[in-house]
Number of protein chains: 2
Amino acid sequence: MLDYGFFLDLAIILLMAKMFGILFRKLQLPQVAGILVAGLIIGPNVLGWVNETEFLLQMGELGVIMLMFTAGLETDLKELKNTGVASICIAGLGVIVPLIGGYLLYSLYMGGFAPIGSDGFLEAIFIGVIITATSVSITVETLREMGKLKGKIGTAILSAAIIDDIVGIILLTFVIGFKNPDSSGLAVIGNTLGFFVVALILGVIIHYIFKYVDHQDPHRRRLPIYGFAVCLLFAYIAEHFFGIADITGAYVAGIVLYNLSSSEYIVGKIDINSYMLFSPIFFTGIGLKTEITGFTLPVLLFTIGFVIIALLSKVLGCGFGAKLMGFNKLDSLKIGVGMMARGEVALIVAQKGLNAGLMNPTLFSAVIILVILSSIATPIILKSLYSKEESDIEIAISA
Amino acid sequence: MLDYGFFLDLAIILLMAKMFGILFRKLQLPQVAGILVAGLIIGPNVLGWVNETEFLLQMGELGVIMLMFTAGLETDLKELKNTGVASICIAGLGVIVPLIGGYLLYSLYMGGFAPIGSDGFLEAIFIGVIITATSVSITVETLREMGKLKGKIGTAILSAAIIDDIVGIILLTFVIGFKNPDSSGLAVIGNTLGFFVVALILGVIIHYIFKYVDHQDPHRRRLPIYGFAVCLLFAYIAEHFFGIADITGAYVAGIVLYNLSSSEYIVGKIDINSYMLFSPIFFTGIGLKTEITGFTLPVLLFTIGFVIIALLSKVLGCGFGAKLMGFNKLDSLKIGVGMMARGEVALIVAQKGLNAGLMNPTLFSAVIILVILSSIATPIILKSLYSKEESDIEIAISA
């Protein structure tokens, strides 16, 4: 006999996640932060209405691979080729500086540098990995509102954000691989390369099969269904045969199916599954798991340092990269600020690290606070930078 | 650490279900039958690639309540009021005759009548309950193709099909209630009435809340999300507080939300979730569970009798009902044949009975065969009845 308690769990999760999501959006905050808070409230920290179950974990895992699959499907590799060197430089420095910043902060928090290859070293690197991936959705919204999305700055930000997602996933794959006590450094590199080789071969075959099916019957239900099956298969292969994070597999599966005439159609269908059920389960699941009891003074200090370093390191790294590529000072600053926000991917990476034992659950709240604060700060600063420019122009004209 | 085997299970289920679904449709057979066969093949009966797990059961259960929820959402109570007495008479006789037919067949199969109220009695009634609910989708397709859907006959069939769904669900609710060894007859009736009273009160409140939200923000994501949460809540309340099947709760939740301006929008979103993931899991799950090893001579004879009685009893019951209501002979026959096909609901009811111990798993294949055969026979007979009429008219004209 089935225990029907999971119906109640799901009903509570959906209702609370949506209500808090809407509330947060009304407060000009990202919905996802509202959903995290809903998870905190319904979980053992506050009300205790919903507890983590195997079923919720599995549903949440499906949610996260859906998110990464659609992220892969929307990764425009062609645009990357066009924008080329500039975005690579912006993204590259925007990854390296936060990575080093996170590493230094955690070493400071732990009271010293851990020897290279030790668990402490990996944990320190991991704090850096969490803050590598930008969330551009808020920047995109802000630039679109001001009609600046299609310009040089918007394009640079978008392309650089794609690159730092890819780099972030690769870094995560390596760090989790090295964390596994059974694996030597060589094995991790071998496994990771092995996965990408297998994914490339399978990917090319699958891409052409899909292209054929897509051509025969475009926009039919079978495409998103087969597509999601491929995503599940890649996620499984990654975990089972190569010890690599399932989200890496899902992301690569998305890239495999990118650029079909039905790619957007597939994204649309997966998206509906995601927002109707799976993604609320994943993000409230993070809230269920976060321990807000261990908020000691060192954790508080770490959190403050973490937020400051995450924001500053992106602005400096990307801004400097843009300056190197010939953008003027103000435009470089705009690009840096535009890359500053963190969102879903930071949470997903942190969650993966939590499961892999790379991160103390008490530090998780720092990531949540970063997501909330960076989402508030980014549009405000971005708008003021643009209005500064306009008032400068007005002064120049009236002078 | 999560076991990632469920990714592989889901990938196999989605790929095989869709491929067999498409294959069956190409053979002019219902897709759902193909999905059942896919389940038989990947399950322990044949290949043994996928075994039933707690996770798959829970996902399948979500699938079935989604199906019943959308069925409820599409139950047009207004149309029922308009067509009135005729459909009630057609549906009523179309329920009673199969119910008695199933009861008699099972008693014959067991070698005698079980005493009223005993388990054997309930099992016999249950065989009747399985064949009460018509699946009109094939009839609708056939009539639409011939341009006859909007006529008197089409309307009568559609309305009667709605009624026999409702009656089928109520009968199922009672039979499962009586099966519970802890409950007396009075308690079952009390519980069932209790649920409907609570559902009515909650339903009116929820209906008006939704009408308000719908009016403020029509066609927004929140509506299907809240709607599905209500469905989960009703399913939970039905099972947990009243010992009533979760699908009854889900169906009633659908009726509660029917007739909003966003009802169709909600159906659309739930539908995508359903066909992308949950409904393939549910229907392959039936295939996983069906035992094809126990196919002895008595089971074979039962199956033959079951299919014949299921088809004939509907044609006779509904046809006689139509005749009583003043339809001519040929039109009555068309209505009877139009109500003959069985589909998802018969499978869902049988599955519920299986879980409740009301049905021997070896008999399940009879239901599958009924679904397949009735789906083949219905359009063929229906078309020949219509062409007979036309050739009669032609003869009359040329005469």
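Every chain is numbered on its own, with residues counted from 1 as its sequence reads. Each chain gets a letter, beginning with A, and each ligand a number, beginning with 1, in the order they are written. Local features in this predicted model are restricted to residues whose pLDDT is 70 or higher, and side-chain atom pairs enter the listing and the counts only when it is 80 or higher, whereas totals over whole chains, interfaces and linings include all residues. Calculated side-chain values reflect all of the structure's heavy atoms, with hydrogen atoms and water omitted.

Draft legend 1. Examining the overall build of chain A more closely. Each helix and strand counted, chain A has 16 helices and zero strands in total. The quantity called the radius of gyration is restricted to C-alpha atoms. Its globule counterpart is 2.2 Å times the number of residues to the power 0.38. Against the compact-globule benchmark of 21 Å for 399 residues, chain A has a radius of gyration of 21 Å, which places it among compact chains. The dimensions of chain A, computed from C-alpha atoms along their principal axes, are 80 × 60 × 45 Å. Classification of the 399 residues of chain A by burial places 58% in the buried group. Two residues qualify as a contact provided that any one of their heavy atoms is within 4.5 Å of a heavy atom in the partner residue. For chain A, long-range pairs separated by at least 24 residues make up 79% of all intrachain contacts whose partners lie at least 6 apart in sequence. Of the accessible surface of chain A, which amounts to about 16,200 Å², a share of 67% is contributed by carbon and sulfur atoms. His residues and chain termini do not enter the charge count, which takes Lys and Arg as positive and Asp and Glu as negative. Throughout, a charge is located at the NZ atom of Lys, the CZ atom of Arg, the CG atom of Asp or the CD atom of Glu. The averaged location of the 28 negative side-chain charges in chain A is 8 Å from the averaged location of its 24 positive side-chain charges. Numbering goes from the N terminus for both helices and strands, where a helix is a DSSP run of H or I of at least four residues and a strand is a run of E of at least two. Per-residue accessibility, obtained with a 1.4 Å probe over protein chains only, is compared with the maximum for each type, and a residue is labelled buried under 20%, exposed over 50%, and partly exposed between these values. A 1.4 Å probe and the Shrake-Rupley method give the accessible areas. Residues count as covered only by the protein chains that appear here.

Draft legend 2. Broad picture of the nonpolar core. Only buried residues count toward a nonpolar core. Its members are Ala, Val, Leu, Ile, Met, Phe, Trp, Tyr and Cys residues joined through side-chain atoms within 4.5 Å. By size, the foremost hydrophobic cluster in this structure holds 279 residues, and its most contacted members are A:Leu62 and B:Leu62. If sequence neighbours within four positions are ignored, B:Leu62 has contacts with A:Phe6, A:Phe7, A:Leu10, A:Phe55, A:Met59, B:Phe228, B:Leu232 and B:Phe278.

Draft legend 3. Looking closely at the packing of helix H6 (residues 119-130) of chain A against helix H15 (residues 344-355) of chain A. Residues and elements named next belong to chain A. Closest axis-to-axis distance for the H6/H15 pair is 9 Å, and the angle between their directions is 160°. Looking at the two axes, H6 sits roughly antiparallel to H15. Pair H6 / H15 crosses with right-handed handedness. Of H15, the residues touching H6 (which contributes Phe-126, Val-129 and Ile-130) are Ala-346, Val-349, Ala-350 and Gly-353. Amino acid classes used here: Ala, Val, Leu, Ile, Met, Phe, Trp, Tyr, Cys and Pro are nonpolar; Asp, Glu, Lys and Arg are charged; the rest, including Gly, are polar. For the contact of H6 with H15, the residue count by class is six nonpolar, one polar and no charged. As a rule, the C-alpha atoms of each element are fitted with a line to give its axis, helices using only the stretch in contact, and angles between N-to-C directions run from 0 to 180 degrees. Any angle that is under 35 degrees is reported as roughly parallel, and any over 145 degrees as roughly antiparallel; angles of 65 to 115 degrees are reported as roughly perpendicular and all others as oblique. The sense of a crossing depends on the near helix, which, turned anticlockwise from the far helix by less than a right angle, makes the crossing left-handed and, turned clockwise, makes it right-handed.

Draft legend 4. Summary view of a nonpolar patch on the surface. Residues and elements named next belong to chain A. A surface patch of nonpolar side chains, about 750 Å² in accessible area, is lined by Phe-295, Leu-297, Leu-300, Leu-301, Ile-304, Ile-308, Leu-312 and Leu-316. Checked against the element boundaries, Ile-304 lands in helix H13 (residues 297-324). Classification of Ile-304 as partly exposed rests on a relative accessible area of 44%. Think of a patch as exposed residues, more than 30% relative accessible area, with no salt bridge, where like charges cluster within 9 Å and nonpolar side chains (Val, Leu, Ile, Met, Phe, Trp, Tyr) cluster within 5 Å. The salt bridge criterion pairs a side-chain nitrogen of Lys or Arg with a carboxyl oxygen of Asp or Glu, the two atoms within 4 Å.

Draft legend 5. View of the environment of A:Met66. Its place among the elements puts A:Met66 in helix H3 (residues 54-73). Between the C-alpha atoms of A:Met66 and A:Ile247, which are 181 residues apart in sequence, the distance is 8.8 Å. Those residues in contact with A:Met66, other than ones at most four positions away along the chain, are A:Phe228, A:Ile270, A:Asn273, A:Ser274, A:Phe278 and B:Leu277.

Draft legend 6. Structural view of the pattern of salt bridges. Residues and elements named next belong to chain A. Counted according to the given criterion, the structure contains eight salt bridges over all chains. Between Asp-164 and Lys-314 there is a salt bridge, with its nearest N and O atoms 3.0 Å apart. One end of the pair, Asp-164, is in helix H8 (residues 152-179); the other, Lys-314, is in helix H13, with 150 residues separating them in the sequence. Using a relative accessible area of 0% as the deciding quantity, one classes Asp-164 as buried. Residue Lys-314 is classed as buried on the basis of its relative accessible area of 0%. Each of the salt bridges in this network shares a partner with another, and the network as a whole consists of Glu-61, Asp-246 and Lys-352.

Draft legend 7. Highlighting the relation of the copies chain B and chain A. Least-squares fitting of one copy onto the other uses the C-alpha atoms of those residues that reach a pLDDT of at least 70 in both copies. By a simple turn and slide, chain B fits onto chain A: the slide is 0.0 Å along the axis, the RMSD is 0.0 Å, and the turn is 180°. Accordingly, the operation relating the two chain copies is best matched by a two-fold axis. For chain B, the minimum C-alpha distance to the rotation axis belongs to B:Asn273 and amounts to 2.7 Å.

Draft legend 8. The arrangement of helix H11 (residues 246-256) of chain A in detail. Among the eleven residues of H11(A), ten are classified as buried, and the element is accordingly described as predominantly covered. Every buried residue of H11(A) is listed here: A:Asp246, A:Ile247, A:Thr248, A:Gly249, A:Ala250, A:Tyr251, A:Val252, A:Ala253, A:Gly254 and A:Val256.

Draft legend 9. Seen up close, the packing of aromatic side chains. Each Phe, Tyr or Trp ring (for Trp, its six-membered ring) is paired with any other whose centre lies within 6.5 Å, and the angle between the two planes then decides the class: stacked below 30 degrees, edge-to-face above 60, tilted in between. On inspection of all chains with the given rule, the structure shows 30 aromatic pairs over all chains. When the centroid spacing of 5.0 Å and the interplanar angle of 65° are considered together, the rings of A:Phe6 and A:Phe55 count as edge-to-face. With A:Phe6 in helix H1 (residues 5-26) and A:Phe55 in helix H3, the pair connects residues that are 49 residues apart, well separated along the chain. Note on accessibility: A:Phe6 and A:Phe55 belong to one class, buried. Judged by centre distance (5.5 Å) and plane angle (70°), the rings of B:Phe195 and B:Phe196 are edge-to-face. The exposure class of B:Phe196 is partly exposed, given its relative accessible area of 29%. Taken together, A:Tyr4, A:Phe6, A:Phe7, A:Phe55, B:Tyr4, B:Phe6, B:Phe7 and B:Phe55 form an aromatic cluster joined through their ring pairs. When the NZ atom of lysine or the CZ atom of arginine is within 6 Å of a ring's centre and also within 35 degrees of its normal, the charge is said to sit over that ring. Directly above the aromatic system of B:Tyr275 lies the positively charged group of A:Arg221, at a separation of 3.8 Å from the ring centroid.

Draft legend 10. How the structure looks around the packing of H1(A) against helix H2 (residues 31-42) of chain A. Residues and elements named next belong to chain A. The interhelical angle for the contact between H1 and H2, taken along N-to-C directions, is 135°, at an axis separation of 7 Å. Judged by the angle between their axes, H1 and H2 are oblique. When the axes of H1 and H2 are compared, the crossing they make is right-handed. Contacts between H1 and H2 involve Ile-12, Ile-13, Met-16, Ala-17, Lys-18, Phe-20, Gly-21, Ile-22, Phe-24 and Arg-25 on the former and, on the latter, Gln-31, Ala-33, Gly-34, Ile-35, Val-37, Ala-38, Ile-41 and Ile-42. Taken together, the residues of the contact of H1 with H2 break down into 13 nonpolar, three polar and two charged.

Draft legend 11. Main features of the interface of chain B and chain A. The interface of chain B with chain A comprises 49 residues on the first partner and 49 residues on the second. When two parts are put together, the accessible area they lose, computed with a 1.4 Å probe and summed over both, is reported as buried area. Taking both sides of the interface into account, the surface hidden between chain B and chain A amounts to around 4,800 Å²; carbon and sulfur atoms contribute 76%. For the interface between chain B and chain A, the tally reads zero salt bridges. Whenever two N or O atoms come within 3.5 Å, that pair is a polar contact, provided that in protein one can donate a hydrogen and the other can accept it, and provided that, for residues adjacent in sequence, both atoms are side-chain atoms. Our count for the contact surface shared by chain B and chain A stands at two residue pairs in polar contact (both at pLDDT 80 or more). Of all the secondary-structure elements, those providing two or more residues to the side of chain B that touches chain A are helix H1 (5-26), helix H3 (54-73), helix H10 (222-242), helix H12 (263-289) and helix H15 (344-355) of chain B. Per-element tally for the side of chain B that touches chain A: the top contributor is H1(B), with twelve residues. In the side of chain B that touches chain A, the residues fall into 33 nonpolar, four polar and twelve charged.

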